[in-house]
Every structure is written in C-alpha cells, then in structure tokens.
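A closer look at the structure
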Amino acid sequence: GNHFFKKGFLRIWGVGFLDLLDTSGVNRYILHDWEVCLRSLTTIMTGCGVCLATLAILCPFIVFTAPIPGEIWVLQAMREMQAGFHLVPILNGEALAHRNPLNFLILSQLPATLMAARLGMIVIGLALAAAVYLYAAALWGRSTGVFAAAVCATSFGFIKAYSLLNVVALPCAL
C-alpha cells in the first residue's frame, strides 16, 4: 500500500504524501534549507569583506589629499545650488553649460564640504564594487566575484574616480 502512494498517487511539489509524514525525510529538507541559508550568509559576509577592503583602499584619500582644482569648482557649484533651488548648475552666478545637471542635483544633497563630498563618492564606489562582486558571484561563483571586485577596486581608474569628487564617475556608477 505504501509503495503505491510513494510512486506518485498523492504528490505535492515532487514530494510523496507519506514522505511528508516520515520524520527521517524531514531532516533532509531541513538540512537543505540550512545549506542554502549558510551559502547566502557566506555570500553576504564575503560581500561585506569586499566593501571593507574597498573602504580601506579609498578612505586615506579623504584625509590625506588636498583639494584638486577640479574639486573646488564642483564644491562652489554645490554651494550655489544649495543656496537656491536650480535645475541647471550654476557657478559664480552663471549657468554651467555642457554639464549634466543631474550630477549636481545629486551632489547638492550632500553637505558642501570636501570631506562629505568625497565620502559620498566613496559610498558610490563601494556600491559599485559590491555590484561587481554580486554580478560575478552570481554568474561564476563566489571566488570569481571576490577576484572581480578586487580587480575593480584596486584599478587606478577606480581609485582616481571614486576617491576624489568626480562628476564624471557619478553617472557611471548609477
């Protein structure tokens, strides 16, 4: 009688009805759920490690570098956009032509200090490194994701773009 039911008379999502009542089969399903949970937790912890390593690479640039000329005019435009609501970025009372206004609208939401603006760019860089990790890990595995994020975060272009106040790097990450 049990053989007839296990062969498929009462099937619920691929599991025989009597298998659901069997206590030895339940442990197999619980074990599978724990494996999935641990794999997910490991992926999340590895992603946090990638973000911390990227943060360790980029944070010294907040404190130890003086503002470059390209950052000074961006900070001034941020201050002027914070003074009054403008859809077009303004520098010294004149509209900035050929500049993406969305970049300045996003940056004007940050405090108009060099440290806060650089920290905002670092957070965007962290999000980009985490996205590279998640994408590569989903396609080719966790170790490939870590390697891809490490290559991304340690490349000269990434460090230059996301350690300084750079309006060109902002739309690339978004």
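Figured I'd write up the structure that's included with this text. These figures come from a predicted structure and were not determined experimentally. (Residues numbered from 1 in each chain as written. Predicted model: local features only at pLDDT ≥ 70, side-chain atom pairs only at ≥ 80, totals over all residues. Heavy atoms only, no water.)

As a further point, take the environment of Pro 60. Within the element layout of this structure, Pro 60 appears in helix α4 (residues 60-64). Counting along the chain gives 103 residues from Pro 60 to Ser 163, while the straight-line C-alpha distance between them is 8.6 Å. (Helix = DSSP H or I, 4+ residues; strand = E, 2+ residues; numbered from the N terminus.)

Moving on: the packing of helix α5 (residues 69-83) against helix α7 (residues 114-140). Contact geometry for α5 and α7: axes closest at 11 Å, N-to-C directions at 100 degrees. With respect to α7, the axis of α5 lies roughly perpendicular. Within the contact between the two elements, α5 uses Glu 71, Leu 75 and Met 78 and α7 uses Leu 114, Ala 117 and Arg 118. Looking at the contact of α5 with α7, its residues break down into four nonpolar, no polar and two charged. (Axes fitted to C-alpha atoms, helices over the stretch in contact; angles between N-to-C directions. Parallel < 35°, antiparallel > 145°, perpendicular 65-115°, else oblique. Contact = heavy atoms within 4.5 Å. Nonpolar A, V, L, I, M, F, W, Y, C, P; charged D, E, K, R; others polar.)

Turning to the environment of Leu 114, a few remarks are in order. Mapped onto the secondary structure, Leu 114 falls in helix α7. Linking Leu 114 and Leu 165, residues 51 residues apart in sequence, is a C-alpha distance of 7.8 Å. Once you skip the residues sitting within four places of it in the chain, Leu 114 turns out to touch Pro 67, Glu 71 and Leu 75.

Our focus in this paragraph is the packing of α7 against helix α8 (residues 142-154). Put simply, α7 and α8 touch, their axes get as near as 7 Å, and they point 150 degrees apart. The orientation of α7 with respect to α8, classified from their angle, is roughly antiparallel. Two packed elements cross with a definite hand, and for α7 against α8 that hand is right-handed. Facing α7, whose interface residues are Ala 129, Val 132, Tyr 133, Ala 136, Ala 137 and Trp 140, α8 presents Arg 142, Thr 144, Gly 145, Val 146, Ala 148, Ala 149 and Cys 152. Looking at the contact of α7 with α8, its residues break down into ten nonpolar, two polar and one charged. (Left-handed = near helix turned anticlockwise from the far one by under 90°.)

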